[in-house]
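Results of the structural survey
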Amino acid sequence: MTTEYKTIEQLHELLVQGELTAVELVESLYERVQEVDEKVGAFLTLDKESALEQARTIDEQGIDPNNPLSGIPIGIKDNIVTKEGTTSAASKMLEGFQSVYDATAIKKLKEAGMISFGKLNMDEFAMGGSTENSAYQLTRNPWNLDKVPGGSSGGSAAAVAAGLVPAALGTDTGGSIRQPAAYNGVVGLKPTYGRISRYGLIAFGSSLDQIGPLTRTVRDNALVLNALSGYDEKDSTSSPRESEDFTRKIGESIKGKTIGVPKELLNQSHAKNDIIDTVKAAIKVYEELGATIKEVSLEHAKYGVAAYYILSSSEASSNLQRFDGIHYGYRNEEAESLEEVYVKSRSEGFGDEVKRRILLGTFSLSSGYYDAYFEKAARARTLIIEDFKKAFSDVDVILTPASLTEAYTIGKRVKDPVKMYKADEMTVTVNLAGIPAISIPCGFINEMPVGLQLIGKHFDEATLYQFAAVFEANTDYHKQLPTFKGGE
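Everything in this summary refers to the structure shown in the same document. Given the structure is predicted, the values throughout are model-derived calculations rather than measurements.

To continue, consider the pairing of strand 6 (residues 211-215). Taking burial as the measure, the 5 residues of strand 6 include 5 buried ones, the bulk of the element. Here strand 6 shows no split at all, with Ile211, Pro213 and Thr215 on one side and Gly212 and Leu214 on the other all buried. As judged from the 5 bridges shared by strand 4 (residues 167-171) and strand 6, these two strands associate in the antiparallel manner. When the sheet's bridge partners are listed, Leu169 is paired in strand 6 with Pro213. In this sheet, strand 6 lies alongside strand 5 (residues 187-190) in antiparallel orientation, the contact comprising 2 bridges. For Val187, the partnering residue across the bridge sits in strand 6 and is Thr215.

Rendered as structure tokens:
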């Protein structure tokens, strides 16, 4: 039985009916990986024996018919620690690192019966938008192997799109779930900050980072979030809110609901006209389904990219101080003094993009420049938060493109950091405000997927899923399959 491209719900039905066992599902997907991932390069490491052992245990216990996640494999972005295998954050600095514990997100998924399937490629320490900054390998977009999969969760999005796993975990600091979801034609959610514990996530920007799911359908996404969410005493930023059923609004009508469309974000002079046209076509679908479209203003969004890269790089420079060649991680063996240990280990262990952001962050926090850069960026963040609060007083969700371009050719932007950074303008404001957002497939340009971003109020993921599911039910973009062309 072929299992690729089946949804979590479809696989659950097969498992409950006894037409498939968890062991058979794991073996089938590993065969798919062997067949396809040589082209795509989504997985960094696989631990087949551990996955099969988890599957055998679940089969012995019996599939819980009331638990749709029981026996379902999930891929893990390589910056979320697991006891099985290694966790490198796609960096030479952590090559071969093995955690002694599971991240809280992993623990919750295992408690829900999901099977940790393997570690997925990413931009080093989640710093990048194309997965070209990995220290180990290149990941390609399954729709066109000459194109990037987006980043930093490019391996996660590509694995789901290629039918290697039905779900994957990504992380989103400035768009790293939503942009690759858009580029690969899958569903990706960045939850509200604090919704999911960050304990066991290798930190990039601590006030911005959030773990989230990537799946083939909206309902699958909500099912995984059900398992992931909840308070964790090990994470001081974890919300004390009780867990909830995020599927509860799926299937409800949006008639009479209001969608806000920011006038500034849809009138970008450098946006591709066909992207804007595709998003406008999606807006028309919502209008036909009874939603009211209202123009809103996010006037300070224009400062989002600048504020984000100052704040996130400042936090990164602090978080990455721990990688010093002494406690753990890569160490230059020829260093003869303490200073040489620091300098040589960090110079050799970190890639160019990570070093660039450490330098930017250190500069922004340095004496004489803190007021001019970091403090102003923090003030801009406050203005962006206030813009969202004002906009949400009149609308239920806000709609934008997930990206102003479709996936581009490998190598086209990686040497131009400014162009790479500006590509995040549709997504970074959401992280700065700490609110949830989802990317869903909404069309194709040049045979490449386009993503629609829906932004929600704090802790209102259920409404995002409601709006996303209605669009999904009335279109067939999520049913299209990648062609694996190119890559010669």
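Moving on, there is more to tell.
Right, let's get into the environment of Val81. Note on placement: Val81 falls in the loop between strand 2 (73-77) and helix 4 (104-111). A relative accessible area of 5% places Val81 in the buried class. Put simply, Val81 and Lys119 are 38 residues apart on the chain and 9.5 Å apart in space, counted from C-alpha to C-alpha. Other than its neighbours up to four places away in sequence, Val81 contacts Thr87, Phe97, Ser99, Tyr101, Asp102, Ala103, Ile106, Lys119, Gly200 and Ile202.

Because the α-helix completes a turn every 3.6 residues, residues three or four places apart line up on one side. Here helix 3 (residues 48-61) is 14 residues long and its end C-alpha atoms lie 20 Å apart, about the 20 Å a rise of 1.5 Å per residue gives. Those residues of helix 3 that sit buried are Ser50, Ala51, Leu52, Gln54, Ala55 and Ile58. With its phi angle positive at about 95°, Gly62 sits one or two positions after the end of helix 3.

Now for a nonpolar patch on the surface. Residues Ile326, Leu338, Tyr342 and Val343 make up a contiguous nonpolar surface patch of about 350 Å² in total accessible area. Along the chain, Tyr342 turns up in helix 10 (residues 338-349). We classify Tyr342 as partly exposed; its relative accessible area is 35%.

Glancing now at the side chain of Thr475. As for its position among the elements, Thr475 is in the segment after helix 15 (461-473). Here Phe471 takes part through its backbone oxygen, which lies 2.8 Å from a polar atom of the side chain of Thr475.

Turning to the packing of aromatic side chains, a few remarks are in order. On inspection of all chains with the given rule, the structure shows 21 aromatic pairs. Where Tyr183 meets Tyr408, the ring centres are 6.2 Å apart and the plane angle is 85°; that geometry is what we call edge-to-face. Here the residue Tyr183 occupies a position in helix 6 (residues 178-184), and Tyr408 occupies one in the loop between strand 9 (397-401) and helix 13 (417-422), the gap between them amounting to 225 residues. For the pair shown, Tyr183 and Tyr408 are each scored as buried. Both rings, one in Tyr369 and one in Tyr373, keep their centres 6.3 Å apart while their planes meet at 35°; by these two values the pair is tilted. Through pairs of rings, three or more aromatic residues link up here, namely Trp143, Tyr286, Phe444, Phe467, Phe471 and Tyr477. The side chain of Arg413 reaches across the aromatic face of Tyr408, ending 4.4 Å from its centre.

For the rest of this paragraph, the subject is the environment of Phe323. For Phe323, the position within the fold is in the loop between helix 9 (304-319) and helix 10. A relative accessible area of 4% means that Phe323 is categorised as buried. Sequence spacing of Phe323 and Gly256 is 67 residues, and the spatial spacing of their C-alpha atoms is 53 Å. Contact partners of Phe323, with chain neighbours within four places excluded, come to Met93, Leu94, Phe125, Ile202, Tyr328, Arg346 and Phe350.

Under the criterion given, the structure shown has 14 salt bridges. As a salt-bridge pair, Lys110 and Glu84 come within 2.7 Å of each other at their nearest N and O atoms. Residue Lys110 is located in helix 4, and its partner Glu84 is located in the loop between strand 2 and helix 4; the two are separated by 26 residues in the primary sequence. Glu84 sits in the partly exposed class, given a relative accessible area of 21%. A salt bridge links Lys389 to Glu386; the nearest nitrogen and oxygen atoms lie 3.7 Å apart. Pair noted here: Lys389 and Glu386 are both in helix 12 (residues 371-392), with a separation of 3 residues, about one helical turn. By relative accessible area, which is 51% here, Lys389 ends up exposed. Residue class for Glu386 comes out partly exposed when judged on its relative accessible area of 41%. If you follow the salt bridges from partner to partner, you end up with Arg195, Glu244, Arg248 and Glu461 in one network.

Conventions we followed
- Residues numbered from 1 in each chain as written.
- Predicted model: local features only at pLDDT ≥ 70, side-chain atom pairs only at ≥ 80, totals over all residues.
- Heavy atoms only, no water.
- Buried < 20%, exposed > 50% of the residue type's maximum accessible area, 1.4 Å probe, protein only.
- Helix = DSSP H or I, 4+ residues; strand = E, 2+ residues; numbered from the N terminus.
- Pairing = 2+ DSSP bridges.
- Contact = heavy atoms within 4.5 Å.
- Expected span 1.5 Å × (residues − 1).
- Patch = residues over 30% accessible without salt bridge, like charges linked within 9 Å, V, L, I, M, F, W, Y side chains within 5 Å.
- Areas by Shrake-Rupley, 256 points an atom, 1.4 Å probe, with all protein chains shown as cover.
- Salt bridge = Lys/Arg side-chain N within 4 Å of Asp/Glu carboxyl O.
- Polar contact = N/O pair within 3.5 Å; in protein donor to acceptor, adjacent residues only side chain to side chain.
- Phe/Tyr/Trp six-rings, centres within 6.5 Å; stacked < 30°, edge-to-face > 60°.
- Lys NZ or Arg CZ within 6 Å of the ring centre and 35° of its normal.

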